[in-house]
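# Inside the fold
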Amino acid sequence: MKPQTFDAIVVGAGQAGPSLAGRLAQSGRKVAVVERKLFGGTCVNNGCIPTKTIIASAYVAHKARTAKDYGIDVSGSVKTDMKAVKARKESVLLKSRNGIESWLRGMENCTVFTEHARFESPTTVRVGEQRIEAKEIFLNVGGRARVPDMPGVKEIPFLTNTSILELEELPRHLAVVGGSYIGIEFAQAFRRFGSEVTIIEMGPRLTQREDEDVSSTIKEILEKEGIHVRLNAECISLHDCPEGVEVHVTCDEDAAPTTASHVLLAVGRVPNTDDLGLDKAGVAVDKHGYIQVDDQLRTNVPGIWAMGDCNGKGAFTHTAYNDFEIVAANLLDNDPRRVSDRITTYALFMDPPLARVGMTEREVHESGKPALIGTRPMTKVGRAVEKGESDGFMKVLVDKESKRILGASILGTSGDEAIHCITDVMYARAPYTTIQRAVHIHPTVSELIPTVLGDLKPLE
Ligand SMILES: Cc1cc2nc3c(=O)[nH]c(=O)nc-3n(C[C@H](O)[C@H](O)[C@H](O)COP(=O)(O)OP(=O)(O)OC[C@H]3O[C@@H](n4cnc5c(N)ncnc54)[C@H](O)[C@@H]3O)c2cc1C
């Protein structure tokens, strides 16, 4: 059967594909969008939106439990209705999912296929029973939870970031394997809902990409809420037991295991590139399966681009969306935007959040650049104290010669918003003195950033 011809095919309706489809269709191209499952992809359906929604529910539980500290009497014990938490989450995410789907379906010049896409050649894609072809193909296939090959994993029921969001009962004891961003967000939320929670991390500290002071403060905050943290778990194995699952963490067989009712695996992501027929198109991937792209997100095959998590250049919604902007700018606007213009920035949405931009202190050290550092505990940030949320600290690193900001970490209330005044000055390539002389609103967390920058010391 002859393939149906389009000008462009977009595979995956995640965080880059739909917006690009919109621009391509606007440019007069006849566009096909192929989505095999849920419109909006990971972020909308089992990533950012649902997790931030349940984190909001967990925050309310935490505040209700600590209401007395604020002079508020919330009589009775705080109970979580997981069915209601789930229903709230669903109602928030469905608005996004349905909005994206109906936007694409109603789009002029756009045909939507709800099938799994697989290449048959560099220009032809099979979608279910049909074949479609185009000279321009854009991959936005995202990723999924990695299931590690650890002993016992095939014999026990485990949760991933997708299935944990479907729970309607509160786990008695949740063991979270993996002490990084996704694991920590779920761990704190479920502890606040009322579960006993243990984080099991193979490495010597949580969030190993971060500086040690950040990791240790995160651990303190979590432990203060009653979360057990087991580090250096070198020999993790999982065993069925009457109470649920026994998680052995050390190589010493006599050491006490963690006995959990539920186990969440949060040990990284893998790209959805193994079942895409990339070999038929000749598209190169790296050893982890990430599609190799250049600075404009072009693959090695002319006419095929890869955006979002599947290219390994970012692992966030904002990086996937920025990939769309880069492809659209180069292809449609004659604007030479590049991935290498992007400054690394992200947040871990525990409470208080960790917000990061640019280099860590360790990276600055390793670069050998002469640098300055400014720090401030959140106990010396008026707004944090007033809110009763004074855990954490902020630190900013500056290049001694150019006076440009190299990076910052804000682990503290509203850090996820306050970081952007630093990010924007970094994008402006302006010296740190620009922020130091700016007048910020009182009382905010951001108002102390000029103060931190006014008290820089040499980085030793
Ligand atoms: C628990 C969790 C929390 C997160 N929280 C945040 C956060 O707070 N902030 C943040 O920035 N990021 C967060 N992320 C990361 C964020 O969700 C991803 O970086 C983002 O969704 C990546 O977007 P994408 O467009 O690359 O892929 P995706 O959103 O994964 O979309 C890919 C789409 O492609 C479809 N697809 C795949 N293969 C095929 C095929 N062969 N044929 C047809 N369709 C296909 C999939 O069904 C999917 O809809 C979180 C992730 C997780 C797991």
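A brief report on the enclosed structure follows. (Residues numbered from 1 in each chain as written. Predicted model: local features only at pLDDT ≥ 70, side-chain atom pairs only at ≥ 80, totals over all residues. Heavy atoms only, no water.)

### Focus on the state of the cysteines
Per the stated rule, a full pass over the model turns up 2 disulfides. Between Cys-235 and Cys-251 runs a disulfide, and the two sulfur atoms are separated by 1.8 Å. Of note, the bridge from Cys-235 to Cys-251 carries an S-S torsion of about 75 degrees and is right-handed in sense. Here Cys-235, found in the loop between β12 (228-230) and β13 (237-241), pairs with Cys-251, found in the loop between β14 (244-248) and β15 (258-260); they are 16 residues apart in sequence, far enough to count as distant. A relative accessible area of 28% means that Cys-235 is categorised as partly exposed. When its relative accessible area of 49% is taken as the criterion, Cys-251 is described as partly exposed. In the protein, numbering the disulfide-bonded cysteines from first to last in sequence yields the connectivity 1-2, 3-4. Of all cysteine sulfurs in the structure, the one in Cys-310 sits closest to Cys-110, which takes part in no disulfide; the separation is 19 Å. Exposure remark for Cys-110: the relative accessible area of 11% places this residue in the buried category. (Disulfide = S-S within 2.5 Å. Helix = DSSP H or I, 4+ residues; strand = E, 2+ residues; numbered from the N terminus. Buried < 20%, exposed > 50% of the residue type's maximum accessible area, 1.4 Å probe, protein only.)

### Examining the site of the ligand
Neighbouring the ligand are 38 residues; Gln-15, Glu-35, Thr-42, Asn-140 and Asp-309 lie closest to it. Cys-43 has a polar backbone atom sitting 3.2 Å from an oxygen atom of the ligand. Within the contact set of the ligand, an oxygen atom lies 3.4 Å away from a side-chain nitrogen or oxygen of His-318. For the ligand, the protein covers 94% of the area, taking 1000 Å² as the surface of the free molecule. (Near = heavy atom within 4 Å. Polar contact = N/O pair within 3.5 Å; in protein donor to acceptor, adjacent residues only side chain to side chain. Areas by Shrake-Rupley, 256 points an atom, 1.4 Å probe, with all protein chains shown as cover.)

### A look at the sheet that holds strand β11 (residues 196-200)
Ordered by their spatial adjacency, 4 strands build an open sheet running β12-β11-β10-β16, and the pairing between neighbours is parallel. Of all strands in the sheet, those bounded by a partner on one side alone are β12 and β16 (262-265). Between one strand axis and the next, the sheet turns by 20 degrees as a mean value, whatever way the strands run. Bridge analysis of β11 against β12 gives 3 bridges, and the strand direction is parallel. Bridged to Ile-200 within β12 is Arg-230. Along the sheet, helix α5 (residues 181-193) contacts β10 (173-177), β11 and β16; its crossing angle with β11, the most-contacted strand, is approximately 165 degrees. (Pairing = 2+ DSSP bridges. Axes fitted to C-alpha atoms, helices over the stretch in contact; angles between N-to-C directions. Contact = heavy atoms within 4.5 Å.)

### Notes on the pattern of salt bridges
Going through the model one piece at a time under the given rule, you end up with 26 salt bridges. The closest approach of N and O atoms between Arg-29 and Glu-136, which form a salt bridge, is 2.8 Å. With Arg-29 in the loop between α1 (17-26) and β3 (31-34) and Glu-136 in strand β8 (residues 136-139), this residue pair connects regions lying 107 residues apart in the sequence. A single burial state applies to Arg-29 and to Glu-136, both of which are buried. (Salt bridge = Lys/Arg side-chain N within 4 Å of Asp/Glu carboxyl O.)

### Regarding the environment of Ile-9
Mapped onto the secondary structure, Ile-9 falls in strand β2 (residues 8-11). Note on Ile-9: relative accessible area 0%, which makes it buried. Put simply, Ile-9 and Leu-24 are 15 residues apart on the chain and 9.8 Å apart in space, counted from C-alpha to C-alpha. Look past the residues within four positions of Ile-9 in its chain and what remains in contact with it is Ala-32, Val-34, Val-125, Ile-132, Glu-133, Ala-134, Glu-136, Ile-137 and Phe-138.

### Looking at helix α3 (residues 48-65)
Taking 1.5 Å of rise per residue, the 18 residues of α3 would be expected to cover 26 Å, and the 25 Å separating its terminal C-alpha atoms lies within 8% of that figure. Every buried residue of α3 is listed here: Pro-50, Thr-51, Thr-53, Ile-54, Ile-55, Ser-57, Ala-58, Ala-61 and His-62. Buried residues belonging to α3 abut α2 (41-46), α4 (82-105) and α5. (Expected span 1.5 Å × (residues − 1).)

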